[in-house]
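The chain contents come next:
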Amino acid sequence: MSSSPPRSPEPTAPAAEEGAAPRVPLAIEDWLTVLIMALLALITFANVLVRYFTDASFAWTEEVSIFLMIVLAMVAGSAAVARNRHIRIEYFADSGPEARQRALARFGAAMVALLFALMTVLSARVLYDDVRYGETSPGIGVPQWWYTMWLPIISAAITLRAIGLLRRGGRAAADNPGLPTSPEVRAEEHAP
């Protein structure tokens, strides 16, 4: 009796399969969000304590807090794009035939990718100018590029997340019942 090696199953679904896991885990944005929020809370709490006990405040907290809030919004935007939960008019995006929903999702992902690719280029030019002219921050006088260097980096990350969404055909990354982007939760949201 000869046994032939079992045939490997043929690939039945492309990489754009529904619920396909992204190559870069979504946990990166989730953990960055948690860390930034914790840092914001600690900075604010420390400033309140110092102001309460000494009638003075840390001079740097406002500048750093504003920077952290901008980074937080960008990181959360990256997670929203990867999960296909970015801002849209759901009446148009989630109604009608499945083919139209997919086309609108792909169009939206392409426009987000285009916008943030442009933002990456333009913010890189701002970063270059900050370094070239030696700009300093208005509050505490540190080099301005310490703050502006994150804008092109996160914009590029959002661009890549939007391209990933486009490659998946507009389907959210890692759809599972535990996430607010899962089909079960979305169906429950639209239930009467």
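Relevant structure appears above.
Here we summarise the structure given alongside this text.

The rules behind these values
What you see as residue numbers is a count from 1 along each chain, following the sequence as written. The model is predicted, so local features are restricted to residues of pLDDT at least 70 and side-chain atom pairs to those at 80 or more, both for listing and for counting; the totals for chains, interfaces and linings are taken over all residues. As a rule here, side-chain values come from all non-hydrogen atoms in the structure, and water together with hydrogens is ignored. Runs of H or I in DSSP of at least four residues are treated as helices and runs of E of at least two as strands, each being numbered from the N terminus. Definition of a polar contact: a pair of N or O atoms within 3.5 Å, with one able to donate and the other able to accept a hydrogen when the atoms are protein atoms, and with sequence-neighbouring residues admitted only if both atoms are side-chain atoms. Here a residue-residue contact requires only that any non-hydrogen atoms of the pair lie within 4.5 Å. The length a helix should cover is 1.5 Å for every residue beyond the first. A 1.4 Å probe rolled over the protein chains alone gives each residue an accessible area, and that area as a share of the maximum for its type sets the label: buried under 20%, exposed over 50%, partly exposed in between. Here the axes come from fitting lines to C-alpha atoms, over the contacting stretch only for helices, and the angles between their N-to-C directions go from 0 to 180 degrees. Note on terminology: angles under 35 degrees are roughly parallel, angles over 145 are roughly antiparallel, angles of 65 to 115 are roughly perpendicular, and the others are oblique. Crossing chirality is assigned from the near helix's rotation relative to the far helix, an anticlockwise turn below a right angle marking it left-handed and a clockwise turn marking it right-handed. When residue character is reported, Ala, Val, Leu, Ile, Met, Phe, Trp, Tyr, Cys and Pro are called nonpolar, Asp, Glu, Lys and Arg charged, and the others, Gly included, polar.

Points about the environment of A156
- Positionally, A156 belongs in helix α6 (residues 150–167).
- A sequence separation of 78 residues divides A156 from S78, and the C-alpha atoms of the two residues are 9.7 Å apart.

Here we look at the side chain of T61
- By secondary structure assignment, the location of T61 is in helix α2 (residues 61–82).
- Reaching out from T61, the side chain makes a polar contact with the side chain of N47 at a distance of 3.2 Å.
- In this structure the side chain of T61 is engaged in a polar contact, spanning 3.3 Å, whose partner is the backbone oxygen of F58.
- With sequence-adjacent residues up to four places away left out, T61 is seen in contact with I43 and N47.

Concerning helix α1 (residues 27–54)
- Here α1 contains 28 residues, and its C-alpha end-to-end distance of 40 Å stays within 8% of the 40 Å for a straight helix at 1.5 Å per residue.
- Taken together, the buried positions of α1 are occupied by E29, I36, L40, I43 and N47.
- Those residues of α1 hidden inside the fold are in contact with α2 and α6.

So, the packing of helix α4 (residues 98–133) against α6
- Here α4 crosses α6 at 160°, and the two axes come no closer than 8 Å. The orientation of α4 with respect to α6, classified from their angle, is roughly antiparallel. Between α4 and α6 the crossing geometry is left-handed. Of the residues in α6, those touching α4 at R106, A109, A110, V112, A113, F116, A117, M119, T120, S123, A124 and L127 are L151, P152, S155, A156, I158, T159, A162, I163, L165 and L166.
- Broken down by class, the residue content of the contact of α4 with α6 amounts to 17 nonpolar, four polar and one charged.

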